[in-house]
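Residue-level listing of the chains:
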Amino acid sequence: MQIEQIYTGCLAQGAYYIESNGEVAIIDPLRETQQYVDKANKEHAKIKYIFETHFHADFVSGHVDLAKKTGAKIIYGPGAETDYDIHSAKDNEEFKLGDVIIKVLHTPGHTLESSTFLLIDENGKEHAIFSGDTLFLGDVGRPDLAIKSDLTKEDLAAMLYDSLREKIMPLPDDVIVYPAHGAGSACGKNLSKETVGVLGDQKKTNYALRADMTKAEFVKEVLDGISPAPQYFAKNAMMNKSGYDSFENVLKKGDTPLSPEQFENIANHENALVLDVRTEKEFVKAHIPNSIFIGLNGGFAPWVGVLITDLKQPILLVTPKGREEETVTRLSRVGYDNTLGYLEGGMEAWKKSGKDIETIKSISVDEFSKDYNNKPINVLDVRKDGEYKSEHLKGDHVQHFALDYINDNMSAINKDKTYYVHCAGGYRSVIAASILKARGFDNLIDIAGGFGAIKKNDLPVTDFVCPTTF
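Attention in this report is confined to the structure presented alongside it. (Residues numbered from 1 in each chain as written. Predicted model: local features only at pLDDT ≥ 70, side-chain atom pairs only at ≥ 80, totals over all residues. Heavy atoms only, no water.)

Another aspect to go through is the environment of K351. Structurally, K351 is set in helix α12 (residues 346-352). As a C-alpha pair, K351 and I288 span 63 residues in sequence and 9.5 Å in three-dimensional space. Sequence-distant contacts of K351, defined by excluding residues within four places in its chain, comprise A286 and I357. (Helix = DSSP H or I, 4+ residues; strand = E, 2+ residues; numbered from the N terminus. Contact = heavy atoms within 4.5 Å.)

See below:
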């Protein structure tokens, strides 16, 4: 028996490859599926099953493509309904894979069809669970993503309480836990940085598995502090239910080199968004007018999902050389399939063609400190609400709204004023500045190094408040 976790840091997502005696199961595959086919071929094995723990909201799974390529059967938990062929399993139904068995434990709560897959080894021992978003390390899945008219998030939380106590907690302490996500995912609140654990440890340390916890306490605690779901979650879930264009087609269309003239023509006539994925330092020095920055080296795909509201938006790319295919791939993972090509030769080719460029002023925290102490200025903090409440720069002219909600807060700032923009380290502030600049806010100054640099400069900040207190 072989179990491999294929973890993707940008999405904080774990897919799983399980092989026994020449037969393979893939659990929660990524959009690009050839990697699983290649691995199975290398092992001289056949992909027999594709298990989906639930209808994912934070990424588009590769199950539809993988089934077409391999003939493998897609398995969902009870009640799942799709526009393509699946097997909707019964609770406790078992699937033989080589010398092992995968048993379906229906664990509704995160979503109604959510299921945990219990792996029983060749000796009949309960070896591991693939818990999807039912159980994370340190947390459980948020119960507010699958609400129907007759079900509230409180109803779903109560279901999750029962699922955990009736299906998961009775399992032996030495059962290995393989969750769908780790720290950085918006599918829970307190996810661990670890990506593999043991059930016994979770029973001791995970707040949601306290033995003396009442259902009412669970419902209150699991719902407390959940931020609104990103706008793309419902759209990704729908793609996972209804199907999508093949990844190969998406990649072929998006991984197309364009000359500056072709690039500009498409931008003008297709209403395409120019997305610049280089580093923030490169972007502030020179970028195409009205382009938006979301760098590959940060939380790229989730930020695209939060900030670009239309999954069908035509997109043109400015990328680091050699990372064009990667960019198209990572966009497709969250459902952005309408990439039309990339600028061949990057910004150097754009400059050589004599076309206009824009810049954003970026200053060191030492320069900012002089301005802060010597004249009235306006500061815009775009960190998350919890970061700001925990600690922020003092001053009457310090404004805050999280980058997540920038599209809803344009009216809160004045185009005639100059704003010094910062986040925690410099990535999100340049994203914010690029969006504001494209909307006509021309008087923006980025504070390089963000709040981390501000704290080291002895500028006045509020007393630290531990985030766990609010």
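Taken as a whole and assessed by the stated rule, the structure comprises 23 salt bridges. Between D144 and R142 there is a salt bridge, with its nearest N and O atoms 2.7 Å apart. In this structure R142 comes out as buried when scored by relative accessible area, which is 4%. The shortest N-O distance in the salt bridge between K215 and D162 comes to 3.1 Å. Within this pair, whereas K215 is found in helix α5 (residues 215-223), its partner D162 is found in helix α3 (residues 153-168), the two being separated by 53 residues in sequence. Among the residues examined, D162 registers a relative accessible area of 25% and is labelled partly exposed. Each of R323, E326 and R330 takes part in a single network of salt bridges with overlapping partners. (Salt bridge = Lys/Arg side-chain N within 4 Å of Asp/Glu carboxyl O. Buried < 20%, exposed > 50% of the residue type's maximum accessible area, 1.4 Å probe, protein only.)

Bringing the packing of aromatic side chains into the picture now. Scanning all chains against the criterion turns up 15 aromatic pairs. Geometrically, the ring pair formed by Y16 and F130 is edge-to-face, given 5.1 Å between the ring centres and 65° between the ring planes. Here F130 lies in strand β10 (residues 126-132) and Y16 lies in strand β2 (residues 13-20), a separation of 114 residues in the sequence. Both residues of the pair, Y16 and F130, belong to the buried class. Here the aromatic rings of F263 and W350 are separated by 6.0 Å at their centres, their planes lie at 75°, and the arrangement is edge-to-face. Here F263, found in helix α8 (residues 260-269), pairs with W350, found in helix α12; they are 87 residues apart in sequence, far enough to count as distant. Residue F263 shares its accessibility class with W350, and that shared class is buried. (Phe/Tyr/Trp six-rings, centres within 6.5 Å; stacked < 30°, edge-to-face > 60°.)

Pairing is parallel across the open sheet formed by 5 strands, whose spatial order is β13-β17-β16-β14-β15. Strands with a single pairing partner mark the edges of an open sheet, and in this sheet they are β13 (257-258) and β15 (292-293). In this structure, β13 lies alongside strand β17 (residues 339-343), joined through 2 bridges in parallel fashion. The residue of β17 that forms the bridge with P257 is Y342. (Pairing = 2+ DSSP bridges.)

Listed in full, the buried residues belonging to helix α7 (residues 247-254) are F247, V250, L251 and G254. Projected onto a plane normal to the axis of α7, the buried residues spread over an arc of 95° and lie on a single side. Tucked inside the fold, the buried residues of α7 contact α2 (63-70), α11 (324-332) and β17. (Arc of directions from axis to C-beta.)

This part covers the sheet that holds strand β6 (residues 87-88). As summarised here, the arrangement of the 6 strands in space is β1-β2-β3-β4-β5-β6, forming an open sheet in which the pairing is mixed. The open sheet has two edge strands with one neighbour each: β1 (2-8) and β6. Relative to strand β4 (residues 46-51), strand β3 (residues 23-27) runs parallel, the two being bridged by 5 bridges. Along β4, the bridge assignment pairs A25 with Y49. Where α2 meets the sheet, its contacts fall on β3, β4 and β5 (73-76), and the angle it forms with β4 comes to roughly 155°. (Axes fitted to C-alpha atoms, helices over the stretch in contact; angles between N-to-C directions.)

Taken together, β3, helix α1 (residues 34-42) and β4 form a β-α-β motif whose crossover is right-handed. For the segment spanning β4, α2 and β5, crossover handedness is right-handed. (Right-handed = clockwise from strand over helix to strand, strands pointing away.)

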